[in-house]
Each structure stands twice: as structure tokens, then as C-alpha cells.
Amino acid sequence: MPDKAERNSTKLNLEAKRLSASDANLEIKESYKSIPDTDHRKVELEGLENVISEAVKNSNMVREKVDMSEEGADERMLGVGEEEQQNLAKKEEVKFISGDQQNGDAKIDIGAIDKTFTGLTKEELMKFANDPFWIRLRWFLFICFWGLWAGMLIGAVMIIIYAPKCAAPEPLSWWKQGPLVKIDTPTPDGSAVAAIKALGVKGVIYEVPADETYNIGNDPAISDALKKMAGAFNEAGINLIVDLTPNFVTREDPLFQKATNNLETRNAFIWREGNEVPNNWLSVVNGSAWSNEGKYVYLQQFGPNRFDLEFSDSIALAKLKGVLKEVVDLGAKGIRLANTKHFLINRELPDEVTGNNPNYIHTEYGYWTHTHSTNQDGLGNLLYNLKTYVHNITNSQGFLAASDNIDRPEIYMSTSGFQSLDMIQLGRVPNLLANSNSAEQIYKELRNVWQGTVEAGKHFWLQWNYMKQDLLKSITISEYNIFLQLIPGVPIFNVDATKAKVEDYSTEVFHKIRTSPSYMHGTFDLYRDVNNTVIGYSRAKSGNPGYFVVLNPSEEDVSADFSNAPGIGEELTVHTLSTNYNSTGVAVKGKVLSSSIPVSGYSAIILTYVPKA
């Protein structure tokens, strides 16, 4: 029994046969092959066949009486080769498929149609190989490619050559490296120069007598002495630093002589008309700070016949800059100023109030607070102006510092946020180190100093003024030296250099450490051991050996545990031992554990280690 699809479908075979080109009368014959159909819809399908057959006969598929006498004409006409002709000659099959609809609609399936590549062949492309246009285009693209490549190469080389380099950190200035030594005579002999050079110092400090400060440049004896001193030390590779006391002039000074009859000049001083003392200010040598001079009273904070200059006045400021220039011209590379906190006063001259120090009476300088005659607003700007001036006249090779202890570092900042001096001196730490037996007390004081200067953004370089051996309570100069040498700042030896023992100061050893990256550019971190019995600090920079300094200011031998210090290694190497160090089993280049560092009483030790990442 035929299935429904077979009954409802009719297959039409269209065969087109080509005759050879030699046949004059070529005729395409069409034949139809009917599939038997017994279905009741046979009549309808036959009618559809007739319609399609008629359409095919009238289509372009039928070619009659085509002249094919010329051989290959059909190939040239169609533009195809033998392979394409064979493909066209293939029998195409068309299927009529009845649908599910009841109205007799049918679908036509023509089959897959092959798609052939229609691009240019190699032979056709070769026709353009020698075309002038394409030749020029190829050369243009060739030149552009290599030109761009060469440009990128040259650009890369230029970037490497001219790009800003990661500059190596600059070494510390000579006056930051130190140490410095104070001398008492302006005419040191050859043996004194040799002894000072043996200490490995970078500069010597000579203090001009206070009353002679403004005689520099006017008194040949003083000027010649400074010039000879600078020359002698410069030959030994040591720079001269001069201490000045610029606060006042003496009665014989030409400026004061002129001030008696000249108002403009008189304003360089602090004065009042009449004989009445304007306030209760005292001089630093006790007694009233005022002196009657004819029709006027003058301020004399530093004793009789010493008339204070007012540096907010242009004449007084010019006089100070004049002496700074004279000192530099004579060969000095650094200048330290005394009594800087007294440079400005409150021009309203109000009375001072009493302090809380029970050790003084009202006729003594220490009894009063001196809030109107010291540390006035504007002091930072004044000193910053002077520092800039010194830098300019020394081509940035010199410095300006304070020679006395500073109790309020915050005053020594300009309104622009810059430190007004290159170096300041904080005497509390050296004094405490010389007199205290408490590691906790030394730790707190040093921590307060560090927080109040460097960590507070006041990037002063600190001066550590050394005590003489007879002023040290328990430790020797060796322990004192070891502890202060590696704290950021410059040590200043207040000793007789001609009698100093080089081994006590270990300056050669400290010079190597102080010029190392760990000191010049490394961190400074302060620690106490776990029992708060000893104090220590580290100097470290990544990629370089770290240094760890430990001081025991008490008489008891201690096994210090610093293993909790961040970055410290488990094992440390002994670098330097102080004179008092006597713990057994510990020697230079030996090893100790950070959790158990033997430190004998009143001794110090320097250790090296590899910092942890």
C-alpha cells in the first residue's frame, strides 16, 4: 500500500543535454518522468505538471538554433573553464514536496548550490606586478614601514639617554657629617692642627669674644687672626666655623656714637626718651636691663655698656649682615649665632610676670618669665632671612646655626613653614645622658626631642654639645661618645683637642658609619628593652647593613631583649665595645642574639645586623 507522501508527490526530472559544438542544429530535449499516483488528487497534480512544463518550455533554459560553429565560443561567452562547464552540466534535481495543508500547496526543494571562489587568480594578479602605480605604492609603504620602525628605535634610545635618572641620594653636607671641635685660641700651632685632624673632624669652631663681634673688618688684629686660622685649617682639610654674639654693640661702636644725635640711627636700638625706666625687665647678669644715657634710656640685657640692637630695624639688620659678610670673606664656611631668642622684643615694653622657679628671687633674671623679651613672633622670618643671606654669600656651601640651647624649636620656623636655621642645639639630651642613671628617663627625653623637631616637620639638623669627662656622673666619654655619635645630628667636642685621646672618641670607626647609607639616608628608631632597663636605637636602610646601639646607664649587668624591635635580625654581630664593657664571652665580630644582648653596667655596644624585609 503506497504511503501518503508517495501518493501526494510527483518527481520531475529535468535533464539538459548539450550536443557538441559541431552540430549545427543543437536542441535541448526535455523529458518528464511521472511517478504513478493512484490518489484521488491525481488530476490536480497532473494539472500542476502541465503548468510547470509550459513554464519550463518558455524559459531561457531552452536554447534553440544556437550557432555553435565557432569552436570554444560558448566557453568565451560564459567566461568559464572546463571545470566550470562540467559543474554546470551536472544534473540538477528539483523536488516538489507536498505539505500538510489540505489545499494542495507544495514546497520546492532545489538542493544545495555550490559557491565557488570568484577572486582574482594568480595569473590575473601578476598582470599588475609591473604596473607603475602599484610599484610606487609598494615603495611608499615599504619606506613608511621602515621609517616608522627607525623613528621608534631612535625615540626609544633618546628616552633612555635623556630621561631623568633616579638620582642617587646626595651625601650629607660636610657640616652634617661632623664631628666638630671647639678651640679656644685663634692662633693654633702645627701640633694642635695635627691633633685635631687626627680626630677626623670636619670643622673647628672658634668663638669670637662677644664685645669684638662688630670689630671684625674694622680691627686688623681680629681680622688677620681669623684669616690665618682659616688658612691653616683649610690646608688640613678642615673648615672654620665662627661663633658670633650679634645682640649688642659697645659704647665705643660708631653706630652707638652716632645714635646720640640722630633719631634714624637711634632706632637701631631699644630706647625711650627721659630718665624713667619703662618696665621691670632684668639683664641676664641680674639687675635692671635699662641704662640712662643723657636724655634717653637704652635696653642693656647683656650687661653694662652693651646696648641691644633691634633687628626689626633696617639699620641694625644691615650692620649684622655686614659682619656676616666679613667673616665669610675671611675664610669661614659656617657661622653660629648666640642668644638668638633675644633678637626681637615686644616694642610695647610691658612688664614681665613671675615664674615658678623657687631657686631665684625677684632681683635675679631666672625669677621672671621673659615672655616679652624672648621668642617673639617674627623671629623665624628674621633668622630665615639671615640664613638665606649666608647661603648666598657662601654659594650654598656654608650654614647658619644657633650656638646656644633652644628650648622652643617651634619658634624657629618661618611663616612659610621652613626651618629658620640649619642647625639648632638641644642641650637637654646630652645633659641628661651625663647625669641620669635611668634608661626610661633618657628614652622619654630623647623621644620628646625627636617628636618635637624631625617628626613634627621641623627638619633641623641637631647639634649634640659634648660634656667634658669631669662633668660625666657615671659613664665615661667612651659610652657618651658611642651613644651620641650615631643619633641624627652632629657631635661637637667641648674638649681640649690637643690632649684628647683618639681611641676615646673612635672617630675613625664612627666616620665609616656616619658616611654609610644607613646613617646618611636611613631611619632612626628608638627602643627600650622588654624590661625598660636599657635604651637602644637602630639606624637602617634597605639593602644595607643596619646598626643597633645599646646603652646601659645603670650599674647592673643586663641581658637585654630587643627581639620585639621591628626589622631587627635574630642574630647580630658585635661592631664596637665601649671602655667600660666587660661582659664575658662577647668580643668584636662575635655573635649575639637580639633576644639576649649582654650589656654590663655603665657600658655601651654597637651591633650590626641584616634588616628584615
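Check the entry above for the structure.
About the criteria used
- Residues numbered from 1 in each chain as written.
- Predicted model: local features only at pLDDT ≥ 70, side-chain atom pairs only at ≥ 80, totals over all residues.
- Heavy atoms only, no water.
- Helix = DSSP H or I, 4+ residues; strand = E, 2+ residues; numbered from the N terminus.
- Buried < 20%, exposed > 50% of the residue type's maximum accessible area, 1.4 Å probe, protein only.
- Areas by Shrake-Rupley, 256 points an atom, 1.4 Å probe, with all protein chains shown as cover.
- Axes fitted to C-alpha atoms, helices over the stretch in contact; angles between N-to-C directions.
- Left-handed = near helix turned anticlockwise from the far one by under 90°.
- Contact = heavy atoms within 4.5 Å.
- Nonpolar A, V, L, I, M, F, W, Y, C, P; charged D, E, K, R; others polar.
- Polar contact = N/O pair within 3.5 Å; in protein donor to acceptor, adjacent residues only side chain to side chain.
- Parallel < 35°, antiparallel > 145°, perpendicular 65-115°, else oblique.
- Salt bridge = Lys/Arg side-chain N within 4 Å of Asp/Glu carboxyl O.
- Core = buried A, V, L, I, M, F, W, Y, C linked by side-chain atoms within 4.5 Å.
- Pairing = 2+ DSSP bridges.
- Expected span 1.5 Å × (residues − 1).
- Arc of directions from axis to C-beta.

1. Describing the overall build of the protein
Now for step 1: For the protein, the count of helices and strands is 19 helices and 24 strands.
Now for step 2: Counting every position in the protein, which comprises 613 residues, the buried fraction comes to 41%.
Now for step 3: In the structure as shown, the protein presents an accessible area of about 33900 Å², 53% of it carried by carbon and sulfur atoms.

2. Examining unusual backbone geometry
Now for step 1: Positioned with a positive phi, leucine 349 is a non-glycine residue whose angle comes to about 55 degrees.
Now for step 2: Position of leucine 349 relative to the elements: it lies in the loop between strand S12 (334–337) and helix H13 (379–393).
Now for step 3: Even without being glycine, histidine 370 reaches a positive phi, approximately 60 degrees.
Now for step 4: Here histidine 370 lies in the loop between S12 and H13.

3. What to know about the packing of helix H14 (residues 428–435) against helix H16 (residues 477–485)
Now for step 1: Contact geometry of H14 with H16 gives a least axis separation of 11 Å together with a crossing angle of 145 degrees. Note on packing geometry: the crossing formed by H14 with H16 is right-handed. Here Pro430, Leu433 and Ala434 of H14 come into contact with H16, specifically with Tyr480, Phe483 and Leu484.
Now for step 2: Classifying every residue of the contact of H14 with H16 gives six nonpolar, no polar and no charged.

4. Some details on the side chain of asparagine 279
Now for step 1: Mapped onto the secondary structure, asparagine 279 falls in the loop between strand S8 (271–273) and strand S9 (290–293).
Now for step 2: A polar atom in the side chain of asparagine 279 sits 3.1 Å from the backbone nitrogen of tryptophan 281.
Now for step 3: Once residues within four sequence positions are removed from consideration, asparagine 279 is found in contact with Trp290, Leu349, Pro350 and Asp351.

5. Notes on the side chain of glutamate 479
Now for step 1: Within the element layout of this structure, glutamate 479 appears in helix H16.
Now for step 2: Exposure remark for glutamate 479: the relative accessible area of 0% places this residue in the buried category.
Now for step 3: Side chain to side chain, glutamate 479 and threonine 476 meet in a polar contact 2.4 Å long.
Now for step 4: Here the side chain of glutamate 479 touches asparagine 580 through a polar contact of 2.9 Å, landing on its backbone nitrogen.
Now for step 5: Apart from the residues within four sequence positions on either side, glutamate 479 is in contact with Leu551, Ser578, Thr579, Asn580, Tyr602, Ser603 and Ala604.

6. Some details on the packing of H14 against helix H15 (residues 439–452)
Now for step 1: Axis separation between H14 and H15 bottoms out at 10 Å; the angle between their running directions is 170 degrees. Regarding the angle of H14 to H15, the classification is roughly antiparallel. Contacts from Arg428, Val429, Leu432 and Leu433 of H14 reach H15 at Gln441, Ile442, Glu445, Leu446 and Val449.

7. Quick notes on the pattern of salt bridges
Now for step 1: As enumerated under the stated definition, the model contains eleven salt bridges in all.
Now for step 2: Between glutamate 293 and arginine 251 there is a salt bridge, with its nearest N and O atoms 2.7 Å apart. One end of the pair, glutamate 293, is in strand S9; the other, arginine 251, is in the loop between strand S7 (248–250) and helix H10 (254–259), and 42 residues separate them in sequence.
Now for step 3: On the basis of relative accessibility, which here comes to 19%, the residue glutamate 293 falls in the buried class.
Now for step 4: With a shortest N-O distance of 2.7 Å, arginine 528 and glutamate 440 are connected by a salt bridge. Note that arginine 528 is positioned in strand S17 (residues 523–528) and glutamate 440 in helix H15, a separation of 88 residues in sequence.
Now for step 5: Note on arginine 528: relative accessible area 27%, which makes it partly exposed.
Now for step 6: Overlapping salt bridges, with partners in common, bring together Glu440, Lys444 and Arg528 in one network.

8. So, the nonpolar core
For soluble globular proteins, the rule of thumb is that nonpolar side chains tend to be buried together.
Now for step 1: Leu244, Phe269 and Tyr480 are the most contacted members of the largest nonpolar core, which has 110 residues in total.
Now for step 2: Take this core: its biggest share by element is seven residues, from helix H12 (residues 314–329).
Now for step 3: Residue contacts for phenylalanine 269: discarding those within four places in its chain leaves Val249, Leu255, Phe256, Ala259, Tyr298, Phe307, Asp308, Leu309 and Glu310.
Now for step 4: Judged by nonpolar contacts, the second largest core, of 20 residues, contains Ala565, Tyr581, Val586 and Leu607.

9. So, the pairing of S9
Now for step 1: Two elements, S9 and strand S10 (residues 296–299), share four bridges in a ladder whose sense is antiparallel. The residue bridging tryptophan 290 from the neighbouring strand is leucine 299, located in S10.
Now for step 2: Hairpin connection from S9 to S10: two residues lie between these consecutive antiparallel strands, with glycine 294 at a positive phi of about 70 degrees.

10. What to know about H12
Now for step 1: Taking 1.5 Å as the rise per residue, H12 with 16 residues should run 22 Å; its terminal C-alpha atoms sit 22 Å apart, in good agreement.
Now for step 2: Listed as buried for H12 are Ala316, Leu317, Leu320, Lys321, Val323, Leu324, Val327 and Val328. Within H12, the buried residues cover an arc of 160 degrees as seen down the axis, which keeps them to one side. Exposed side chains of H12 directed beyond 90 degrees from the buried face belong to Ser314 and Asp329.
Now for step 3: Buried residues in H12 make contact with strand S6 (239–244), S12 and H13.
Now for step 4: You can read the cap of H12 off the contacts: a side-chain oxygen lies 2.9 Å from the backbone nitrogen of isoleucine 315, and it is on aspartate 313.
Now for step 5: Looking one or two places after H12, you find glycine 331, whose phi comes out positive at around 120 degrees.

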